[in-house]
Amino acid sequence: MVENKKIKQVIDTLSNYLHGKERAITLSLITFFSKGHLLIEDLPGLGKTTLALGIAKTLGLSFSRIQFTSDLLPSDIIGVSIYKKEKEQFEFQKGPIFHNIVLVDEINRATPKTQSALLEAMGEKQVSVEGKTYKLEKPFFVIATQNPVEQFGTFPLPESQLDRFMMKISVGYPSRQAEKDILKGGSKREEIYNIEPIFSKEEVLQLQEEIPKKVYLSEKIIDYILDIVELTRRTKFLHVGLSIRGTLAIARASKTNAFFKRRDYVIPEDIKELAPYLITHRVIFKEEYETSDKQEIIKSLIEEVKVPA
């Protein structure tokens, strides 16, 4: 299929700028084409901005970056009404949220009040200002980055905010060979601004709509997803299991994963592969497991669920 070839071309193109990070690129694109939002938890300087900008460029979409700080205000994100003397009225000046792809850098450095300014935008694809509602751009994709919570000066994201992110991933350090290549070739950040779009905006919107219709979710796979969800709600490891939004996220993302692999139906492996990135940040672990490897716990839970024949 032409779309699959173009998706492969996007991944190959971005892999030239993010050495050894094909997995992070693919997960980001799965989230995007599933109409979700992405949270990247990692240390500074590992290529998160390059990833976000590269996705925007290859998909032919507008891009903005918001640096979250402790003194950032909601109006700095959404926009503000300014009085125009010549018109004798207030006029709304749109903020940086009004772009297709919005990189929210270091989201957990802002106060909870400012973090909450993203809630309506991410959930409803609109913002309300002074009694008026403004629709956001289509498509609309938030890539938020956060520093590990143990870093100084961070505000942990509340559960309601975390649940609005379809996936939580990390880019991670490059391999030794990849880092050696970077040292030899130097930074390619400037080059990324010159990438030619592989998709048009119209093609992107069409593909987002088509994937859920083209990929089949059988009754057995639906039951398999529900078995996983139910286990998260009664396991000894968790206080709180998956929400309904989490269940829907598994279904949507698994369809996109199948589509990326040139299939028009979902198999259990599509779900198993993505589950740690879809589930871990949405559930609340009991205190005694807070310091454990949470992704490994989720993987072990999924192994307990019977795979449909």
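Residues numbered from 1 in each chain as written. Predicted model: local features only at pLDDT ≥ 70, side-chain atom pairs only at ≥ 80, totals over all residues. Heavy atoms only, no water.

Scanning the protein from N- to C-terminus turns up 13 helices and eleven strands. Compactness check: the protein gives a C-alpha radius of gyration of 20 Å against a globular reference of 19 Å for 309 residues, within 12% of the reference. The principal-axis extents of the C-alpha atoms in the protein amount to approximately 70 × 45 × 40 Å. For the protein, the share of sequence-separated contacts (at least 6 apart) that also reach a separation of at least 24 residues comes to 76%. In the form shown here, the protein has an accessible surface area of approximately 15,600 Å², with 52% of it arising from carbon and sulfur atoms. Treating the 45 positive side-chain charges of the protein as one cloud and the 43 negative ones as another, the clouds have centres 2 Å apart. (Helix = DSSP H or I, 4+ residues; strand = E, 2+ residues; numbered from the N terminus. Rg over C-alpha atoms; globule rule 2.2 N^0.38 Å. Contact = heavy atoms within 4.5 Å. Areas by Shrake-Rupley, 256 points an atom, 1.4 Å probe, with all protein chains shown as cover. Lys, Arg positive; Asp, Glu negative; His and termini not counted. Charge placed at Lys NZ, Arg CZ, Asp CG, Glu CD.)

Attention now moves to the packing of aromatic side chains. Each aromatic ring pair is described using two quantities: the centre-to-centre distance and the angle formed by the ring planes. Following the criterion strictly, the structure yields eight aromatic pairs and no others. Each ring, one from Tyr-83 and one from Phe-90, has its centre 5.3 Å from the other, and the planes form 65°; the classification is edge-to-face. For Tyr-83, a relative accessible area of 45% gives the class partly exposed. Given the relative accessible area of 57%, Phe-90 is considered exposed. Taking the centre distance of 6.1 Å and the plane angle of 70° together, the rings of Phe-92 and Phe-98 count as edge-to-face. Take Phe-92: its relative accessible area is 15%, and that puts it in the buried class. A network of ring pairs unites the aromatic residues Phe-32, Phe-33, Phe-141, Phe-199 and Phe-260 as a single cluster. The ring of Phe-199 carries Lys-6 above its face, with NZ or CZ at 5.6 Å from the centroid. (Phe/Tyr/Trp six-rings, centres within 6.5 Å; stacked < 30°, edge-to-face > 60°. Buried < 20%, exposed > 50% of the residue type's maximum accessible area, 1.4 Å probe, protein only. Lys NZ or Arg CZ within 6 Å of the ring centre and 35° of its normal.)

Its location among the elements puts Val-204 in helix 9 (residues 201–214). Judged by its relative accessible area of 0%, Val-204 is buried. Residues Val-204 and Leu-59, 145 residues apart in the sequence, show an inter-C-alpha distance of 7.0 Å. If we ignore the near neighbours within four places in the chain, the residues touching Val-204 are Phe-32, Phe-33, Leu-59, Pro-139 and Phe-199.

Together, Glu-219, Asp-223, Asp-227 and Glu-230 make up a negatively charged patch on the protein surface. With respect to the helices, strands and loops of the structure, Asp-223 is situated in helix 10 (residues 219–234). (Patch = residues over 30% accessible without salt bridge, like charges linked within 9 Å, V, L, I, M, F, W, Y side chains within 5 Å. Salt bridge = Lys/Arg side-chain N within 4 Å of Asp/Glu carboxyl O.)

Our focus in this paragraph is the packing of helix 2 (residues 22–33) against helix 11 (residues 244–260). For the pair helix 2 and helix 11, the least separation of the axes is 9 Å and the interaxial angle reads 120°. Taken together, the axis directions place helix 2 and helix 11 in an arrangement best described as oblique. For helix 2 against helix 11, the interelement crossing comes out right-handed. Across the interface between the two elements, Thr-26, Leu-29, Ile-30 and Phe-33 of helix 2 pack against Ala-253, Thr-256, Asn-257 and Phe-260 of helix 11. A per-class count over the contact of helix 2 with helix 11 returns five nonpolar, three polar and no charged. (Axes fitted to C-alpha atoms, helices over the stretch in contact; angles between N-to-C directions. Parallel < 35°, antiparallel > 145°, perpendicular 65-115°, else oblique. Left-handed = near helix turned anticlockwise from the far one by under 90°. Nonpolar A, V, L, I, M, F, W, Y, C, P; charged D, E, K, R; others polar.)

For the rest of this paragraph, the subject is the sheet that holds strand 1 (residues 38–41). Hydrogen bonds between backbone atoms are what pair the strands of a sheet, whose relative direction is either parallel or antiparallel. Taken in spatial order, the five strands line up as 2-5-8-1-9 in an open sheet, and their pairing is parallel. In the strand order of this sheet, the two ends are held by strand 2 (63–67) and strand 9 (167–169), each with one partner. Going from strand to strand, the sheet's axes swing by 20° on average, the running direction of each strand aside. Relative to strand 8 (residues 141–146), strand 1 runs parallel, the two sharing four bridges. Counted as the bridge partner of Leu-38 is Ile-143 from strand 8. (Pairing = 2+ DSSP bridges.)

Enumeration according to the criterion identifies 17 salt bridges in this entry. The salt bridge involving Arg-282 is made with Asp-163; its shortest N-O contact spans 2.8 Å. Placement of the pair is Arg-282 in the loop between helix 12 (268–279) and strand 11 (284–285) and Asp-163 in the loop between helix 6 (159–162) and strand 9, with a sequence separation of 119 residues. Neither residue differs from the other here; Arg-282 and Asp-163 are each classed as buried. Among the ionic contacts, a cluster of salt bridges with common partners joins Glu-3, Glu-210 and Lys-214.

A word on helix 11. Here helix 11 is 17 residues long and its end C-alpha atoms lie 25 Å apart, about the 24 Å a rise of 1.5 Å per residue gives. The element helix 11 is extensively covered by neighbouring structure, given that 13 of its 17 residues are classed as buried. (Expected span 1.5 Å × (residues − 1).)

Limitation: the analysis is restricted to geometry and does not speak to function.
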